[in-house]
Amino acid sequence: AYLSHASTSSSITLPTNGFRVSDIATSSIPLPGLSKKVTNLAVYYEQYGFSVRYGQRKRSDFVGDVSDIFGDRNLTYVKGETVADVQVGYEFQTGPLKGLSILGQALNIGNEPFVRYRDTPSNEVENVKYGKTYLLGINYKL
């Protein structure tokens, strides 16, 4: 098992020109991309060829940057998220399939959305669900 938590504080003042902001009405903001709180958790178990892993990342709201339709980057508020992943695998250790391993993964199993907002978290300007991702891998080693 693995658990980490970070709590940070930052502040910068935006230049008065040459900078684009979409949804930010103040000139003093936290460092873009940096959440005040981030927690990571991973639990892993492996025995007799079987392996199981669960991972989760939780982060608080932050100032992010997004590109508009012209490719220009704009600062915007982004809601915090909790993203969870799971993987299950098996490696054949004896018999004619020895060396063959199979791994299945499910990413963003909670289908966590990407949400941008203006001024307050209840004032959403974008809510996009990218969906879950499923992966299957097969490996063979001699």
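A quick note: this is a predicted structure, and the numbers were derived from the prediction, not measured. (Residues numbered from 1 in each chain as written. Predicted model: local features only at pLDDT ≥ 70, side-chain atom pairs only at ≥ 80, totals over all residues. Heavy atoms only, no water.)

Structural notes on the overall build of the protein
Logical step 1: When helices and strands are tallied, the protein shows zero helices and twelve strands.
Logical step 2: Moving toward the C terminus, one meets the helices and strands of the protein in the order β-β-β-β-β-β-β-β-β-β-β-β.
Logical step 3: If one aligns the C-alpha atoms of the protein with their principal axes, the spans along those axes are about 70 × 35 × 30 Å.
Logical step 4: Every one of the 142 residues in the protein was classed for burial, and the buried ones make up 23%.
Logical step 5: Considering only contacts within the protein whose residues lie at least 6 apart along the sequence, 56% involve residues at least 24 apart.
Logical step 6: As presented, the protein carries roughly 9,600 Å² of accessible surface, and 56% of it is formed by carbon and sulfur atoms.
Logical step 7: Within the protein, one finds 15 positive and 13 negative side-chain charges whose respective centroids are separated by 5 Å. (Helix = DSSP H or I, 4+ residues; strand = E, 2+ residues; numbered from the N terminus. Buried < 20%, exposed > 50% of the residue type's maximum accessible area, 1.4 Å probe, protein only. Contact = heavy atoms within 4.5 Å. Areas by Shrake-Rupley, 256 points an atom, 1.4 Å probe, with all protein chains shown as cover. Lys, Arg positive; Asp, Glu negative; His and termini not counted. Charge placed at Lys NZ, Arg CZ, Asp CG, Glu CD.)

Observations regarding the nonpolar core
Logical step 1: Listed in full, the seven residues of the largest apolar core are Leu14, Ile24, Ile29, Val63, Leu75, Tyr77 and Tyr117.
Logical step 2: Other than its neighbours up to four places away in sequence, Val63 contacts Ile24, Ile29, Pro30, Pro32, Gly33, Leu75, Thr76 and Tyr77. (Core = buried A, V, L, I, M, F, W, Y, C linked by side-chain atoms within 4.5 Å.)

Side note on unusual backbone geometry
Logical step 1: Even without being a glycine, Asn108 presents a positive backbone phi close to 55°.
Logical step 2: Mapped onto the fold, Asn108 is located in the loop between strand E9 (100–107) and strand E10 (114–117).

Re the packing of aromatic side chains
Logical step 1: If you walk through the whole model with that rule in mind, you get three aromatic pairs.
Logical step 2: Ring centres of Phe50 and Tyr90 lie 4.4 Å apart, and the angle between their planes is 50°; this geometry places the pair in the tilted category. With Phe50 in strand E5 (residues 50–59) and Tyr90 in strand E8 (residues 81–91), this residue pair connects regions lying 40 residues apart in the sequence.
Logical step 3: Residue Tyr90 is classed as partly exposed on the basis of its relative accessible area, which comes to 27%. (Phe/Tyr/Trp six-rings, centres within 6.5 Å; stacked < 30°, edge-to-face > 60°.)

Points about a nonpolar patch on the surface
Logical step 1: On the surface, Leu3, Leu41 and Val43 cluster together into a nonpolar patch covering about 260 Å² of accessible area.
Logical step 2: Relative to the helices and strands, Leu3 resides in strand E1 (residues 2–7). (Patch = residues over 30% accessible without salt bridge, like charges linked within 9 Å, V, L, I, M, F, W, Y side chains within 5 Å. Salt bridge = Lys/Arg side-chain N within 4 Å of Asp/Glu carboxyl O.)

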